[in-house]
Amino acid sequence: MARFLVIEEHTPLPTYLAHRIGVYLPARRRDIMVCGAEGQIEVYHDITTERGQQKAVLRLREAEKEGIISAVIAERTVRQAIARELTKPLCDGSILSAALRLEDILGETDCRTARIMLVGADSTLGRAVAVYLAKRVRFLSLVGRSETSLQRLARRLWQTEGIAAVVGAEKADRVITMDDLTAEADCCAEGRRVSSAIAECALFARHLPYERYDHITARTLTATAELARAQGISILPKKGAGIGQIRLTNEPSANII
């Protein structure tokens with residue numbers, strides 16, 4: 001049976017108290033099954049301090065040895081600090097979020113005529129997204145911090161996909177940013193609300209070997225979207241309510257109580 005592990009920071013303690021004694025408190029563990037994969041969620045009281053991160057790293061290294069796919073739900077800087085100490089990458093929900101959002105975006109866009117601009121194409125995942133888009137759209141412009149990386153990517157797209165991608169900001173009908181594509185979100189999986197990191201962990205543990213998300217390609221995005229749809233996984237909107245729904249909020253809306 002495929003397995004996954006999620007470490008999350010959450011505590012009812014005040015911040016100063018969590019920093020002092022949180023690392024010494026035992027983790028709260030609960031078992032969960034998503035998409036046919038058995039998982040364990042371990043809630044730590046503090047992983048923002050060096051000692052707390054070391055504790056999390058030791059647990060994640062054990063999981064690596066057992067072939068367990070893992071995720072850390074915490075601030076980005078904390079995730080990055082922990083990931084640097086590991087051999088295998090951590091799931092953070094970005095691949096799943098990007099794959100599902102790209103499907104939705106292209107589903108509502110005329111790919112034959114629309115001019116698409118991709119912002120952040122020079123990142124690792126951004127390059128995979130650029131290739132994914134190049135296979136489906138006619139007009140694509142690439143924007144990012146590294147001009148050299150973007151030029152190299154544009155040459156690759158011309159040689160492999162036959163698309164003349166433009167480097168630099170151009171007039172576009174649709175602007176896609178990597179920050180928006182990979183933004184954290186909740187997912188609906190098997191009728192339950194779970195974080196995108198948990199859904200991605202379970203999906204990869206059940207269907208994809210480590211190599212498929214260790215080296216991210218356009219094929220990884222396609223396979224992830226197909227598997228997610230087959231498992232009934234969808235991204236829940238951050239804001240807004242459907243017709244006939246009522247929500248309690250401070251934001252202006254026609255559906256307010």
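Residues numbered from 1 in each chain as written. Predicted model: local features only at pLDDT ≥ 70, side-chain atom pairs only at ≥ 80, totals over all residues. Heavy atoms only, no water.

A. Up close: the overall build of the protein chain. From N to C terminus, the protein chain includes 10 helices and 11 strands. Element-wise, carbon and sulfur atoms account for 48% of the exposed surface of the protein chain, whose accessible area totals about 14100 Å². (Helix = DSSP H or I, 4+ residues; strand = E, 2+ residues; numbered from the N terminus. Areas by Shrake-Rupley, 256 points an atom, 1.4 Å probe, with all protein chains shown as cover.)

B. Focus on the packing of aromatic side chains. Enumeration over the complete set of coordinates arrives at 0 aromatic pairs. Its guanidinium or amino end placed over the ring of Y44, K55 lies 5.2 Å from that ring's centre, counting from NZ or CZ. The ring of Y132 is capped by R136, whose NZ or CZ atom sits 3.7 Å from the centre of that ring. (Phe/Tyr/Trp six-rings, centres within 6.5 Å; stacked < 30°, edge-to-face > 60°. Lys NZ or Arg CZ within 6 Å of the ring centre and 35° of its normal.)

C. Structural detail: the sheet that holds strand β2 (residues 28-34). Reading across from one edge, β2-β3-β1-β4 is the order of the 4 strands in this open sheet, with mixed pairing throughout. Sheet topology places β2 and β4 (69-73) at the edges, where each strand pairs with a single neighbour. Averaged over neighbouring strand pairs, the angle between their axes works out to 20° when direction is ignored. (Pairing = 2+ DSSP bridges. Axes fitted to C-alpha atoms, helices over the stretch in contact; angles between N-to-C directions.)

D. Looking closely at helix α3 (residues 76-83). Residues of α3 that are buried include every one of V78, R79, A81 and I82, and no others. Buried residues of α3, viewed axially, fall in a sector of 165°; they line one side. Projecting away from the buried face of α3 at angles above 90 degrees are the exposed residues R76 and T77. Its buried side turned inward, α3 meets α2 (50-65) and β4. (Buried < 20%, exposed > 50% of the residue type's maximum accessible area, 1.4 Å probe, protein only. Arc of directions from axis to C-beta. Contact = heavy atoms within 4.5 Å.)

E. Expanded view of the environment of G52. For G52, the position within the fold is in helix α2. Ignoring anything within four residues of it in the chain, the contact list for G52 reads V23, D46 and I47.

F. Representation of the nonpolar core within the structure. Among the nonpolar cores identified, the biggest contains 61 residues, and F4, L133, L140, L142, L221 and I233 are the most heavily contacted of them. Contact partners of L221, with chain neighbours within four places excluded, come to I95, A98, A99, L102, L125, A128, V129 and Y132. Core analysis: the next-biggest nonpolar cluster, separate from the first, contains 16 residues, I47, L60, A74 and L86 among them. (Core = buried A, V, L, I, M, F, W, Y, C linked by side-chain atoms within 4.5 Å.)

G. Layout of a positive patch on the surface. A cluster of basic residues, R127, R152, R155 and R156, forms a positive patch on the protein surface. Looking at which element gives the most residues to the positive patch, the answer is helix α6 (residues 147-161), with 3 residues. One can find R127 in helix α5 (residues 124-134). (Patch = residues over 30% accessible without salt bridge, like charges linked within 9 Å, V, L, I, M, F, W, Y side chains within 5 Å. Salt bridge = Lys/Arg side-chain N within 4 Å of Asp/Glu carboxyl O. Lys, Arg positive; Asp, Glu negative; His and termini not counted. Charge placed at Lys NZ, Arg CZ, Asp CG, Glu CD.)

H. Structural context of the sheet that holds strand β6 (residues 139-143). One open sheet holds the 4 strands; their spatial order is β7-β6-β5-β8, and the pairing between them is parallel. Edge strands, defined here as strands with exactly one partner in the open sheet, are β7 (166-167) and β8 (174-177). Of the strand pairs in this sheet, β6 and β7 are connected by 2 bridges, and their pairing is parallel. Paired with L142 across the strands is V167, a residue of β7. Sitting on the sheet, α5 touches β5 (115-119), β6 and β8, and the angle it makes with β5 is about 170°.

I. Geometry of the confidence of the model for the protein chain. Taken residue by residue, the protein chain gives an average pLDDT of 85. The fraction at 70 or more is 89%. Of all secondary-structure elements in the protein chain, the lowest mean pLDDT belongs to helix α9 (residues 210-214), at 53, while helix α7 (residues 178-181) reaches the highest, 94. For residues 240-257, every residue scores under 50 in pLDDT, and the model assigns this stretch 15 contacts once sequence neighbours within four places are set aside. (pLDDT = per-residue confidence, 0-100.)

J. Structural detail: the side chain of S97. Secondary-structure assignment places S97 in helix α4 (residues 94-107). Residue classification places S97 among the buried residues on the basis of a relative accessible area of 1%. In contact with S97, other than residues within four places in its own chain, are L181, T182, A183, S196 and I235.

K. Examining the pattern of salt bridges more closely. Counted according to the given criterion, the structure contains 12 salt bridges. Between E66 and R3 there is a salt bridge whose closest N-O contact spans 3.3 Å. Placement of E66 in the loop between α2 and β4 and of R3 in strand β1 (residues 3-9) is noted, with a sequence separation of 63 residues between them. Accessibility expressed as a relative area gives 39% for R3, which makes it partly exposed. Taken together, the salt bridges that share partners define one network made up of R29, E42, R59 and E62.

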